[in-house]
Amino acid sequence: MRYTEYLLPTLKETPSDAEIASHQLMLRAGMIRKLAAGVYNYLPFGLRSIRKVEQIIREEMDRAGAIELLMPMVIPAELWQESGRWEHYGKELLRFADRKDASFCLGPTHEEVITDLVRNTVRSYRQLPLNLYQIQGKFRDEIRPRFGLMRGREFIMKDAYSFDLDEAGADVAYEKMYQAYRRIFERCGLKFRAVEADTGNIGGTSSHEFMVLAASGEDAIVSCDRCEYAANIEKAEVALAPQEPVAPGAELQKVATPGCRTIDEVSTFLRVAPERLVKTLIVQTDTGEVLAVLLQGGHELNDIKLCRLLGCNEVTLAPDDVVGRVTGAPPGFAGPVGLQLRVLADYAVRGMADFVAGANEADAHFVGVNLGRDCAVEQFADLRSARSGDICPRCGGVLEIWRGIEVGHVFKLGSKYSAALGATVLDDQGQERVLFMGCYGIGVGRTVAAAIEQNHDENGIVFPMPIAPFQVLVTVVNPREAEVLDAAERIYADLQALGVEVLLDDRDERPGSKFKDADLIGIPLRLTVGARGLKENAVELQERATGERRMLALAEAPAMVR
Ligand code: ATP
Ligand code: MG
Ligand code: MG
Ligand code: MG
């Protein structure tokens, strides 16, 4: 590819709305451009890297025996009603109606569609095991899309679904995918860890997330310094802190707290020590009732709980945010379950033995609130999250906390979807059996972004070779000098003949600005062709990662960089 015939719009300035390195660099290196919140154009240079990751995924999925297909992005509501998720998935599901007023959604994940396909096409145990995958655009109406491709609303995912006759078969399928994922992320040149994970919105019995280690990661991971134990903190808290039993006969008691609107005011008024403070979210239902949602633990835990509640990773809450739905009867609230909750304020304290929570009126709080008994919110659990220095639940070692980016996720689904949709086969006895499923996702764009998060310096991207848009950049120092341009063109042609992916920077620009762009776009190997080197029949080879340079004989250059 010749730069002068390409679309590679680099930016000198860091865009002000990009907070993390990968987002800034993907914009600056002309890889992506935003169309709407969380919706991006993949420019040619960015697309090449995306396609590299897809190719690695394809090869490893195929090698593991999975078969590629392609499902539609537009999904009829009936399928999601059949699984029950039309009701439960929440606002990340973008719903719409066609001209005949039939309801549809844009697929955020495809368990329903694939299960429907399999129930209609697979009849016998002889057709099993089966693992089907696609690489496709997904849509999730994320509450706060951010960080570029890291958390988009429209994004590319590889999603695979396995079908087996029994649990043992499903375990084998899961293990195969787990190993394929290890290979995929190794081949992408990432530093990652597989961690035990919560099953969240998808459901199922057990799961692992593949976490790329990065300070900017939205997830927290705990890992043991002695054994192999590693888990997402959402999951680790379950393992670490069993729920305290409910004290029988504990009574709700309403106390006056005149004028108290903030956590500090309530704590001062009720004289509860700061270390016993527990944040509570004061929320309003969509019918106008005010109630409290209790969130035990430190601020970070609250954030994590809410993330799970919201199905997103955002940590800040503003008044008016919708945060969940009532699934129990909260204190002072007699309305039906299923109502939406909107944040009014967040404050509260913990009393000596029980919770103190906002009451269903101004200037009063409830003392003795019991979470499980008096107040419940979907997916909420009363647990403490793991902290650095906690004891490992497996071996007694010490736990550390890391930040990570979730690039992949494997789930054992059991028969959740196959039972709901009636996906069965006949076994060798002629008996009808409900299928065992697994599902396996990888965020393709997020993987590229995570790789850049791990591989960059102050000058720009440092692409790992396997996912680099081009392998070699040939920079023509001054394309106006015919001899220099000629030599560069020859190298360019020779490299292409060898099957090397090469970008020829033939722009008529100052060498300084071309070198800056070269650093920014991060192609791993660089050949610089200039008049000075040519006098000695040589060109300079530079490695982007190390900055190391050496002169190569002109004739040997193509073979040497290969
Ligand atoms: P997150 O916790 O970051 O919201 P998730 O757990 O909701 O992700 P999954 O349902 O497990 O995501 O989807 C499989 C993979 O799709 C994720 O591991 C991630 O790599 C990718 N992914 C999910 N949401 C997004 C998004 N909004 N933008 C880009 N990639 C995403
Ligand atoms: Mg999510
Ligand atoms: Mg997740
Ligand atoms: Mg996940």
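For the structure itself, consult the block above.
If you're wondering where the values come from, they're calculated on a predicted model, not measured in any experiment.

Analysis parameters
Residues numbered from 1 in each chain as written. Chains lettered and ligands numbered in written order. Predicted model: local features only at pLDDT ≥ 70, side-chain atom pairs only at ≥ 80, totals over all residues. Axes fitted to C-alpha atoms, helices over the stretch in contact; angles between N-to-C directions. Helix = DSSP H or I, 4+ residues; strand = E, 2+ residues; numbered from the N terminus. Parallel < 35°, antiparallel > 145°, perpendicular 65-115°, else oblique. Contact = placed C-beta atoms within 7 Å. Nonpolar A, V, L, I, M, F, W, Y, C, P; charged D, E, K, R; others polar. Near = placed C-beta within 6 Å. Pairing = 2+ DSSP bridges. Core = buried A, V, L, I, M, F, W, Y, C linked by C-beta atoms within 7 Å. Buried ≥ 20, exposed ≤ 12 C-beta atoms within 10 Å, placed from the backbone.

Caption draft 1: Here's a closer look at the packing of helix α1 (residues 21-28) against helix α12 (residues 444-454). Direction vectors running N to C along α1 and α12 enclose 105 degrees, while the axes themselves pass 8 Å from each other. Comparing the axis directions of α1 and α12 gives the class roughly perpendicular. Contacts between α1 and α12 involve A21, S22, L25 and M26 on the former and, on the latter, A449, I452 and E453. Of the residues that constitute the contact of α1 with α12, the class distribution is five nonpolar, one polar and one charged.

Caption draft 2: Representation of the site of ligand 1. Taken together, 20 residues sit near ligand 1, with F155, H409, G441, G443 and R446 positioned nearest. Of all the secondary-structure elements, those providing two or more residues to the shell around ligand 1 are β8 (154-164), β21 (399-414), β24 (436-443) and α12. Considering each element in turn, the shell around ligand 1 owes the most residues, four residues, to β21. When the residues that make up the shell around ligand 1 are grouped by side-chain class, the tally is six nonpolar, nine polar and five charged.

Caption draft 3: Fine view of the sheet that holds strand β6 (residues 103-106). The three strands are arranged β4-β6-β5 in an open sheet whose pairing can be described as antiparallel. Strands at the two margins of the open sheet, each flanked by one partner only, are β4 (74-76) and β5 (95-97). In this sheet, adjacent strand axes meet at a mean angle of 40 degrees when their direction is disregarded. Two strands pair when backbone bridges link them, and β4 and β6 are joined in this way by three bridges, in the antiparallel orientation. Residue pairing for β6: I75 is matched across the bridge by C105.

Caption draft 4: Quick look at the nonpolar core. V472, V474, I491 and V529 are the most contacted members of the largest nonpolar core, which totals 108 residues. Per element, the largest residue contribution to this core is eight residues, and it comes from helix α6 (residues 167-187). Sequence-distant contacts of V472, defined by excluding residues within four places in its chain, comprise L495, V500, V502, I523, L525, L527 and V561.

Caption draft 5: Structural context of the sheet that holds strand β27 (residues 472-476). One open sheet holds the five strands; their spatial order is β28-β27-β29-β30-β31, and the pairing between them is mixed. Each edge of the open sheet carries a strand with a single partner, namely β28 (502-505) and β31 (549-553). Geometrically, the sheet is characterised by an average inter-axis angle of 25 degrees between neighbouring strands, direction not taken into account. Note: β27 against β28, four bridges, orientation parallel.

Caption draft 6: Just the pairing of β6, in detail. Pairing between β5 and β6: three bridges, direction antiparallel. In the strand pairing of β6, R95 is matched with C105. Once β5 ends, the chain turns through five residues before running back antiparallel as β6, passing D101 with a positive phi of about 70 degrees.

Caption draft 7: Highlighting the environment of S418. Relative to the assigned elements, S418 resides in helix α11 (residues 416-421). Its 22 C-beta neighbours within 10 Å are what place S418 among the buried residues. For the pair S418 and E218, spaced 200 residues apart in the sequence, the C-alpha separation amounts to 32 Å. Not counting chain neighbours up to four residues away, the residues in contact with S418 comprise T115, A423, V434, L435 and M437.

Caption draft 8: Main features of the pairing of β24. With eight of eight residues buried, β24 is to be regarded as a mostly interior element. Burial along β24 is two-sided: the residues F436, G438, Y440 and I442 and M437, C439, G441 and G443 are all buried. Of the strand pairs in this sheet, β8 and β24 are connected by eight bridges, and their pairing is antiparallel. Across the sheet, A160 pairs through a bridge with Y440, a residue of β24. As paired strands, β21 and β24 are joined by six bridges and run antiparallel to one another. For K412, the partnering residue across the bridge sits in β24 and is G438.

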